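Geometric and topological summary
Single-letter residue listing:
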Amino acid sequence: MPLKTVVIRAFRILAVAEAFSWAALLTGMYFKWIARTTELGVEIAGPIHGALFVGYGLAALALWRIQRWPFTVALFAGGSAIFPFATIAFERWAGKRGYLTEGARPRTEARETAGV
């Protein structure tokens with residue numbers, strides 16, 4: 001399997017996993033800080049979320065290089081990891097615009113020349 005395929009697949013999986021880890025971490029924070037019942041959720045979800053956050057960031061950096069993303073696309077990919085569940089929105093957005101395809105980078109619409 002080509003490297004590009006592996007990185008795109010890993011990025012898509014990490015985008016969803018990072019969002020789910022946000023949910024787990026936020027749930028753990030609720031029990032730690034609001035319900036004041038246990039810190040176990042944060043102790044478990046915190047390191048998992050951290051690892052997935054780093055993995056997602058590394059995958060985004062790899063795709064920036066491999067797919068030759070414009071800087072703004074890479075910036076939005078990285079920024080989406082900061083906000084809960086935004087990695088899923090970015091993954092869908094990037095997929096619809098061709099940034100997660102295995103072919104060449106997305107083509108811009110060619111302008112037709114008039115009367116030549």
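For the structure, check the block above.
Heads up: these notes are all about the structure in this document. Every residue gets a number counted from 1 within its own chain, in the order that chain's sequence is written. A pLDDT threshold of at least 70 governs which residues receive local features in this predicted model, and a stricter bar of 80 or more applies before side-chain atom pairs are shown or counted, although totals over entire chains, interfaces and linings include all residues. Excluding hydrogens and water, the side-chain values take into account all heavy atoms of the structure.

Now for the packing of helix H3 (residues 71-80) against helix H4 (residues 86-96). To define axes, lines are fitted to C-alpha atoms, for helices over the stretch in contact only, and angles between the resulting N-to-C directions are given on a 0 to 180 degree scale. Helix and strand assignments follow DSSP, with helices taken as H or I runs no shorter than four residues and strands as E runs no shorter than two, numbered in order from the N terminus. Contact geometry for H3 and H4: axes closest at 8 Å, N-to-C directions at 150 degrees. Accordingly, the angle class assigned to the pair H3 and H4 is roughly antiparallel. Residues Val-73, Phe-76, Ala-77 and Ser-80 of H3 form the contact with H4, whose own contacting residues are Ala-86, Thr-87, Phe-90 and Trp-93. Here the residues of the contact of H3 with H4 sort into 6 nonpolar, 2 polar and no charged. When describing relative orientation, an angle under 35 degrees is termed roughly parallel and one over 145 degrees roughly antiparallel, while 65 to 115 degrees is termed roughly perpendicular and anything else oblique. Here, residues are in contact when the closest pair of their heavy atoms is within 4.5 Å. Classes in brief: Ala, Val, Leu, Ile, Met, Phe, Trp, Tyr, Cys and Pro nonpolar; Asp, Glu, Lys and Arg charged; the others, Gly included, polar.

With that out of the way, let us pick up the environment of Ala-10. In this structure, Ala-10 sits in helix H1 (residues 3-34). In this structure, the C-alpha to C-alpha distance between Ala-10 and Ala-60, residues 50 residues apart in sequence, is 9.8 Å.

To pair, rings of Phe, Tyr and Trp, with the six-membered ring standing in for Trp, must have centres within 6.5 Å; the planes then decide the type, stacked if under 30 degrees apart, edge-to-face if over 60, and tilted in the middle. Using the criterion set out here, one finds 9 aromatic pairs in the structure. Each ring, one from Trp-69 and one from Tyr-99, has its centre 6.5 Å from the other, and the planes form 85 degrees; the classification is edge-to-face. Of this pair, Trp-69 sits in the loop between helix H2 (40-66) and H3 while Tyr-99 sits in the segment after H4, and the two are 30 residues apart along the sequence. Both residues of the pair, Trp-69 and Tyr-99, belong to the buried class. Any residue under 20% of the maximum accessible area for its type is buried, any over 50% is exposed, and the rest in between are partly exposed; the area is computed with a 1.4 Å probe on protein chains only.

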